[in-house]
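Report on the structure
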Amino acid sequence: QVQLVESGGGLVQPGGSLRLSCAASGFTFSSTAMNWYRQAPGKERELVAGIGSDGRNTNYADSVKGRFTISRDNAKNTAYLQMNSLNPEDTAVYYCYARLKTGWRWYDYWGQGTQVTVSS
């Protein structure tokens, strides 16, 4: 059974930092690209960052470039999102996401989300 479990969210002041973790199980993590999405109140879910299966290729939303860093540890089946210089616009529920192929079909898997609130 595929599971994605996020942790590390919380309340932080503007300018602060948080590190989110996504613990994965039930699939071959080292062969799977991983992504972080976020959804703010009243807004659509948006892609924040993605990382290839070997960790060499990454991509970021323009709004977080230079502030957020996505990484992974394939030995621990865990993906991370280091968030620095946080501002109130980063307030959202952050989700871990993986797209997996079973047979000829692709399936989307989401974690339960972790709340990040940036406020003074």
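These notes cover the structure that comes with them. Worth saying up front: this structure is predicted, and the values here are computed from it rather than measured. (Residues numbered from 1 in each chain as written. Predicted model: local features only at pLDDT ≥ 70, side-chain atom pairs only at ≥ 80, totals over all residues. Heavy atoms only, no water.)

**Topic: the pairing of strand S9 (residues 92–102)**
Bridge analysis of strand S4 (residues 34–39) against S9 gives 5 bridges, and the strand direction is antiparallel. What sits directly across from Asn35, in S9, is Tyr97. As judged from the 3 bridges shared by S9 and strand S11 (residues 114–118), these two strands associate in the antiparallel manner. The residue of S11 that forms the bridge with Val93 is Gln115. Across 6 bridges, the pairing between S9 and strand S10 (residues 105–110) is antiparallel. From the neighbouring strand, Arg99 faces S10, where its bridge partner is Asp108. Taking the residues between adjacent antiparallel strands as the criterion, S9 and S10 are bridged by 2 residues, where Gly103 takes a positive phi near 65°. (Pairing = 2+ DSSP bridges. Helix = DSSP H or I, 4+ residues; strand = E, 2+ residues; numbered from the N terminus.)

**A closer look at the pairing of strand S8 (residues 78–83)**
Counting buried residues in S8 gives 5 out of 6 residues, a clear majority hidden from the surface. Taken together, the 6 bridges between strand S3 (residues 18–25) and S8 define a ladder with antiparallel strand orientation. When the sheet's bridge partners are listed, Arg19 is paired in S8 with Gln82. Two elements, strand S7 (residues 68–73) and S8, share 6 bridges in a ladder whose sense is antiparallel. (Buried < 20%, exposed > 50% of the residue type's maximum accessible area, 1.4 Å probe, protein only.)

**Focus: the pattern of salt bridges**
Where charged atoms of side chains with opposite charge meet at close range, the side chains can pair. This structure, assessed with the given rule, holds 6 salt bridges. For Arg38, the salt bridge goes to Glu46, with nearest N and O atoms at 2.7 Å. Since its relative accessible area comes to 6%, Arg38 is described here as buried. Between Arg67 and Asp90 there is a salt bridge; the shortest N-O distance is 2.7 Å. With a gap of 23 residues between them, Arg67 in the loop between strand S6 (58–60) and S7 and Asp90 in the loop between S8 and S9 connect regions that are remote in the sequence. When its relative accessible area of 1% is taken as the criterion, Asp90 is described as buried. Look at the salt bridges and you will find they share partners, linking Arg38, Glu46, Arg67 and Asp90 into a network. (Salt bridge = Lys/Arg side-chain N within 4 Å of Asp/Glu carboxyl O.)

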